[in-house]
Amino acid sequence: MLNRQEREMKFIANYHTHTKRCRHAVGEDREYVEAAIESGLKILGFSDHTPYPTGTNFKSGMRILLEDADDYFQSITDLKEEYKNDIQIYVGVEAEYFPEHFQKLLDFLKDYPLDYMILGNHFVPDEQYGTYIGAPFTDRQILEEYADNVIAAIKTGKFAYVAHPDLPNYVGEGREEACGAILHRICKTAKEYNLPLEINMLGHVRQIQYPSDTFFRIAAEYGNDVIIGMDIHDPKDFFNKAAFRDCIGFAEKNGLHLLEKLEI
């Protein structure tokens, strides 16, 4: 086991950081940067929920609106330059893989200074018409479709890692068998494509269904790389080092290969 000093040394990078534009985070962009620096981080990746062009009049309640995209990319790019001597900042997004609309998303983002995307699927089949899988559900088909979409997303080669892959809160018949089957599929594909899986610190703090021992024991079987995503929604969250150490302990307990940082 790592001692306390060694665990603190692993507090280097976080690539899962939101902004108030998603309307469920608080604070100004600059506050996030300054808190990250004060907390000791060397690398800060912003990855707010991406605007998602669907070709309809639907407006999301949990992601950047299309009309706010310019402001998001300009603000983070400006901060990246301003604080370049203090911290390495990357401009990213957390994106869903909605098969019907994914190419529209890539076309929309291509002219922005985007450094990376993390995959964070929350809905099946999509946000406008689908089911939020973080809430309890009993339809096994939704679970299967979630796995199908995550696997298809991994195969695009567009993502830096998979955020909270263990988000689905399936409580239907044959829960253990059903969840085990889809988790094997996701871990196997992630290993084949050398894509890390996220231990989500916010899930740990909230003590909800993820991070899941069941999922990550399977990830250990496949030898998946994992990374801690703090899933920051408030600048003060950077100072929750106890939760970060807990996530390191979670990785150790489950025999996982934990990455300190990504190669962007």
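Residues numbered from 1 in each chain as written. Predicted model: local features only at pLDDT ≥ 70, side-chain atom pairs only at ≥ 80, totals over all residues. Heavy atoms only, no water.

Caption draft 1: Region of interest: the nonpolar core. Core analysis: the largest hydrophobic core is formed by 76 residues, its most contacted members being Ile199, Phe216 and Phe238. Those residues in contact with Ile199, other than ones at most four positions away along the chain, are Pro211, Phe216, Val226, Ile227, Ile228, Gly229, Cys247, Phe250, Ala251 and Leu256. Counting residues in each nonpolar core, the second largest holds 11 residues, with Ile12, Ala13, Tyr15 and Ala163 among its members. (Core = buried A, V, L, I, M, F, W, Y, C linked by side-chain atoms within 4.5 Å. Buried < 20%, exposed > 50% of the residue type's maximum accessible area, 1.4 Å probe, protein only. Contact = heavy atoms within 4.5 Å.)

Caption draft 2: The arrangement of helix H2 (residues 29-39) in detail. Those residues of H2 that sit buried are Asp29, Tyr32, Val33, Ala35, Ala36 and Ser39. What you see down the axis of H2 is that its buried residues fit within an arc of 165 degrees, all on one side. In this fold, the buried residues of H2 make contact with strand E2 (43-49), helix H3 (69-82), strand E3 (88-95) and helix H9 (241-253). (Helix = DSSP H or I, 4+ residues; strand = E, 2+ residues; numbered from the N terminus. Arc of directions from axis to C-beta.)

Caption draft 3: Spatial organisation of the pattern of salt bridges. Applying the stated criterion across every chain yields a total of 18 salt bridges. Across the pair Glu144 and Arg140 runs a salt bridge whose closest N-O atoms are separated by 3.6 Å. Here Glu144 pairs with Arg140, and both are found in helix H5 (residues 140-156), just 4 residues apart, close to one helical turn. Here Lys188 and Glu192 are joined by a salt bridge, their closest N and O atoms 2.7 Å apart. Of this pair, Lys188 and Glu192 both sit in helix H6 (residues 175-192), separated by 4 residues, roughly a single helical turn. Overall, Lys188 belongs to the partly exposed group, its relative accessible area being 42%. (Salt bridge = Lys/Arg side-chain N within 4 Å of Asp/Glu carboxyl O.)

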